[in-house]
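Letter by letter, the chains look like this.
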Amino acid sequence: MKLQSVLAAIGVLTATTANALTSVQVWKEESKMTGGINAMMNAISRYSLNVSMSDVMRRDVALANFNDELYTTTATLGGQTFSFDLDTGSSDVWVRGANCVSTDQSCGVTGQAAFDTAATTATATGNTWTTTYGSGAVEGNVYTGTATLAGISASMNFGVSTQEVGFNSPGAGLWGLAFSSLNQITPNGDFTSAAGIQSMGFYFSNWINGDAGVLTMNGVDQSKFSGTLQYVPLSADTYYKFDATGSTFTVNGASVSLSTPNGAIADTGTTLLLLPSATAASINAAIGATKTTSTVYSIACSALNTGPSITFALSTVSIVISPNEYVISNGDGTCFSGIASLGTGTTTISAIFGDTFLRAAYTVFDIANNQLGFAQAVHPTAIVNNISATLTALVAATATSGSNASAAVTATSTTAAATTTATTTTKSATVKAKTTSAAAVAAAAATTTASACAHSVCKVGAALATDCNACAATVCAADAYCCKTAWDAKCVKEARQACGSCQKN
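This is a predicted model, so every value here is computed, not measured.

Engineer: Give a description of the overall build of the chain that names residues and reports values.
Structural biologist: Counting its secondary structure elements, the chain contains 14 helices and 29 strands. Burial analysis of the chain (505 residues in total) assigns 54% to the buried set. Look at the contacts in the chain between residues 6 or more apart in sequence, and 68% of them connect residues 24 or more apart. Counting every atom, the chain has about 19,600 Å² of accessible surface; 52% of that belongs to carbon and sulfur.

Written out as structure tokens, the structure reads:
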């Protein structure tokens, strides 16, 4: 993510508040379950079956983590399957159309997945729609058909885009999960109502740990959190809005209070934890972050290992936000803080608890009971996507094993990371995402040639003295030492710190 892009995105957020962040108080009709679930409940009641409804209704689906900046999953619209950004901060469901046009490649490039109106089981309604978000807008044609997410299907209206701006994303569309009062595609454009969703439990993974996130529909995944879920009531059936006034963020024993006169929202579609300017400034100062723009803060990447934890407390809720959650890489050897200022233009929302917070807190969007549940998320302890740890093992192994170091380090890391980049957009931050492909690494390694570089200081062994492909963990030290710096600058910097200055023959 480029810091200036974050600033631009937040600027758009504040400028479009009247359209994008309007809070409307509505009365929510009691949830009605769809046919299959309702029939199962009747059977359980009629025959006194010893079956838990949470087991009957629960569905899990994996979430792909794009460098802690965006989470996507696969879902189906009109018989066609795509990757979607799941967004609890909006309600419309839409997918890129084959004839979509944009000025910033929001509609993708040639060959990217797009909805084929000629091959779909859905039908056109003849209506059009437009939705404005904090960092962009989309418009297109409305179709009606079957939508399926996490194995749960519903008949509903959804959009097929004809124009997009501000949505450069690895996904093909956005899957809104908020309440129907936010829908621009009407009627029947709200998936949670159409599918009779009772609750959604989100576990957002840390990129550094290398695991996938998990969305649990109509239940919770007990393995993804510790302690007991603590609930706060929703204050509106629009966004998942709650009152965080009186809450605190504590760093090294010093507390910063938070006031949310206009409410706070939990939003899976926003990368950052966005707070009032003074609150964000105090927290960032405490963790060692430096203000880069009026809203965004940079932080040393070393804070990932040395930075303090932040404890958020609200009533009975207590969540620890570690550096693994709030230090985010730019992909160029620099990092930025996942905590930023919301800006001064928003008058309907005081704070947005985006992915930075949601990685620390297992979060249940309890629709049936109009509440949010929080518990401390449990992440793996293994460090997978951390080149420093791999380099430490590499240097130690080469000191004793010579040319066998490659196998030794490969065994300690599953990264093998050839990296590809894609510009992605959330509602509040434009980000650069990174994915890893072991297959790409293997293919490139098969065609590499011997390097002419000397390794007199950083002894990597013959197996690693190759002209490296992308930033694969097991060859990063040799690659940086040989001045092959076309790839991730962070790898270069950390490799040089471990192996000494880069030299050529």
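Engineer: Describe the nonpolar core, listing the residues and the values that go with them.
Structural biologist: Of all hydrophobic cores here, the largest spans 89 residues; its most connected members are Trp175 and Phe191. It is strand β7 (residues 152-165) that contributes the most residues to this core, five residues altogether. Listed in part, the nine residues of the second largest apolar core include Val214, Val220, Tyr362 and Val364.

Engineer: Which residues make up the state of the cysteines, and what values go with them?
Structural biologist: Taken as a whole, this structure holds two disulfides when the rule is applied. Two residues share a disulfide in this structure: Cys100 and Cys107, whose sulfurs sit 1.8 Å from each other. Here Cys100 and Cys107 share a disulfide; its torsion about the S-S bond, -45°, makes the bridge left-handed. Two residues, Cys301 and Cys335, share a disulfide whose sulfurs are 2.1 Å apart. With the S-S dihedral at roughly 110°, the linkage between Cys301 and Cys335 falls on the right-handed side. In this pair, Cys301 sits in the loop between β19 (297-299) and α7 (303-306) while Cys335 sits in strand β23 (residues 335-337), placing the two residues 34 residues apart along the sequence. Cys301 gets classed as buried once you look at its relative accessible area, which sits at 17%.

Engineer: So, unusual backbone geometry: which residues are in play, and what are the values?
Structural biologist: Omega for the bond connecting Thr186 with Pro187 falls within 30 degrees of zero, at -10°, which places this linkage in the cis form. Looking at the secondary structure, you find Pro187 in the loop between β8 (173-176) and α5 (191-194). We note that Asn67 has phi near 55°; this positive angle belongs to a residue other than glycine. Relative to the elements of secondary structure, Asn67 occurs in the loop between β1 (59-65) and β2 (71-77). For Asn218, which is not a glycine, the phi torsion comes out positive at approximately 60°. Tracing the chain through its elements places Asn218 in the loop between β10 (213-217) and β11 (225-233). A relative accessible area of 5% places Asn218 in the buried class.

Engineer: I'd love a proper account of the pattern of salt bridges, names of residues and values included.
Structural biologist: Considering all chains together, one arrives at two salt bridges under this definition. The closest approach of N and O atoms between Asp60 and Arg58, which form a salt bridge, is 2.9 Å. The class of Arg58 is partly exposed, set by a relative accessible area of 29%.

Engineer: Describe the sheet that holds strand β17 (residues 273-275), and please don't skip the residues or the numbers.
Structural biologist: If you walk across this open sheet you meet the six strands as β12-β13-β16-β25-β17-β24, and the pairing is mixed. Of all the strands in the sheet, just β12 (236-237) and β24 (339-341) have a single pairing partner and so form its edges. Relative to strand β25 (residues 351-353), β17 is paired through two bridges, and the arrangement is antiparallel. For Leu274, the partnering residue across the bridge sits in β25 and is Ile352. Set on the sheet, helix α6 (residues 277-287) makes contact with β17 and β24; between it and β24 the angle comes to about 145°.

Engineer: Hey, could you go over the packing of aromatic side chains for me, with residue numbers and the actual values?
Structural biologist: Geometry of an aromatic ring pair is reported as the spacing of the ring centres plus the angle between the planes. Throughout the structure, instances matching the rule amount to 22 aromatic pairs. Geometrically, the ring pair formed by Phe312 and Phe357 is edge-to-face, given 5.4 Å between the ring centres and 80° between the ring planes. One end of the pair, Phe312, is in strand β20 (residues 310-314); the other, Phe357, is in helix α9 (residues 355-360), and 45 residues separate them in sequence. We classify Phe312 as buried; its relative accessible area is 1%. Residue class for Phe357 comes out buried when judged on its relative accessible area of 0%.

The rules behind the values
- Residues numbered from 1 in each chain as written.
- Predicted model: local features only at pLDDT ≥ 70, side-chain atom pairs only at ≥ 80, totals over all residues.
- Heavy atoms only, no water.
- Helix = DSSP H or I, 4+ residues; strand = E, 2+ residues; numbered from the N terminus.
- Buried < 20%, exposed > 50% of the residue type's maximum accessible area, 1.4 Å probe, protein only.
- Contact = heavy atoms within 4.5 Å.
- Areas by Shrake-Rupley, 256 points an atom, 1.4 Å probe, with all protein chains shown as cover.
- Core = buried A, V, L, I, M, F, W, Y, C linked by side-chain atoms within 4.5 Å.
- Disulfide = S-S within 2.5 Å.
- Salt bridge = Lys/Arg side-chain N within 4 Å of Asp/Glu carboxyl O.
- Pairing = 2+ DSSP bridges.
- Axes fitted to C-alpha atoms, helices over the stretch in contact; angles between N-to-C directions.
- Phe/Tyr/Trp six-rings, centres within 6.5 Å; stacked < 30°, edge-to-face > 60°.

Nothing here speaks to function; it is all geometry.
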